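Descriptive analysis of the structure
Listed below, chain by chain, are the residues.
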Amino acid sequence: MSYVFKTVCALPNDCYRGSTVALQLHISAKVLREYEREGVLIPLKSPTGMSYFTKRDYVWIATIGRLLHEAHLTFDDLRHALAECPCRNVRHCGFHSKKQCPLISDLSKPCWVNRAMCPGQCSCSCYFCTVYRSALTCESLAELLSSFAS
C-alpha cells in the first residue's frame, strides 16, 4: 500500500529538492521516495509534484535510516512504533485513547497515514502538524533508539 501525499501547498523559502537532500545525506532519492511511500516521511510537494524538504527533516530522515538499517526494523515496525506515540498528549484534543478518536481508522499506523479520515486536511497540514513534528521525541521511538544503541 502506498501512503504518498498528493496535495500541493505553498513551499517555505528554506526548501531543498529531494535529490539535493539525498545527496547531502548520502542516500538515494529512491530511498526518500520509499520512506514517503511507506508512510514514515512526509515531503512538501511543488505544483509539479517534486518532493521538497527543509533542514528540520534531515534528522528525521537519518533516524528512519538508523531504525531500518541498524536496528533492523521493518516499515511495519516503524509505523507501529509511531502509532504508539500519544498524539492526544501533543494536540490536547480531549480523547483519552486513540480508540475514541474519530480520525484514527487504523491503530497500527500513525495518524498522518490515517489522514483519509480527516476531511478537508491536506498533506501540508500533516507536514506542519505537531504530532508529525514530535515523532522524534516520541517515547516508543526513544525506547527503540536506546535499545539498539546499547
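Quick note: structure is the one above.
Below is a short write-up of the structure. (Residues numbered from 1 in each chain as written. Predicted model: local features only at pLDDT ≥ 70, side-chain atom pairs only at ≥ 80, totals over all residues. Heavy atoms only, no water.)

A count of helices and strands for the protein gives eight helices and three strands. Taken from N to C terminus, the helices and strands of the protein fall in the order β-α-α-β-β-α-α-α-α-α-α. Counting the 150 residues in the protein, one finds 43% classified as buried. Counted over contacts in the protein with a minimum sequence separation of 6, partners at least 24 positions apart contribute 68%. Of the roughly 8300 Å² that the protein leaves accessible, carbon and sulfur atoms contribute 55%. (Helix = DSSP H or I, 4+ residues; strand = E, 2+ residues; numbered from the N terminus. Buried < 20%, exposed > 50% of the residue type's maximum accessible area, 1.4 Å probe, protein only. Contact = heavy atoms within 4.5 Å. Areas by Shrake-Rupley, 256 points an atom, 1.4 Å probe, with all protein chains shown as cover.)

If you look at the biggest cluster of nonpolar residues, it comprises 30 residues, and the most contacted ones within it are Tyr 35, Leu 41, Ile 64 and Trp 112. Put simply, the parts of the chain that give this core at least two residues each are helix H1 (18-25), helix H2 (29-37), strand E3 (51-53), helix H3 (56-69), helix H4 (75-83), helix H6 (123-128) and helix H7 (130-133). At six residues, the largest contribution of residues to this core is made by H3. When neighbours within four sequence positions are excluded, Ile 64 is seen to be in contact with Tyr 35, Val 40, Leu 41 and Leu 78. (Core = buried A, V, L, I, M, F, W, Y, C linked by side-chain atoms within 4.5 Å.)

One pass over the full model with this rule turns up three salt bridges. Note that Lys 45 is salt-bridged to Glu 36, the shortest N-O span being 3.3 Å. In this pair, the class of Lys 45 matches that of Glu 36, namely buried. Note that Arg 79 is salt-bridged to Asp 76, the shortest N-O span being 2.3 Å. With Arg 79 and Asp 76 both in helix H4 and three residues apart, this pair spans about one turn of that helix. By relative accessible area, Arg 79 is classed as buried at 6%. Linked by salt bridges that have partners in common, Glu 38, Asp 76 and Arg 79 make up one network. (Salt bridge = Lys/Arg side-chain N within 4 Å of Asp/Glu carboxyl O.)

Assignment of secondary structure puts Asn 13 in the segment before strand E1 (16-17). Of the residues examined, Asn 13 reaches a relative accessible area of 86% and is grouped as exposed. Placed 41 residues apart in sequence, Asn 13 and Thr 54 show a C-alpha to C-alpha distance of 8.9 Å.

In this section: unusual backbone geometry. A positive phi angle, close to 60°, is found at His 26, a residue other than glycine. With respect to the helices, strands and loops of the structure, His 26 is situated in the loop between H1 and H2. Residues other than glycine seldom take positive phi values, yet His 72 does so here, at roughly 60°. Relative accessible area serves as the criterion here: at 63%, His 72 is assigned to the exposed category.

Honestly, that's just the spatial picture; any functional story needs more than this.
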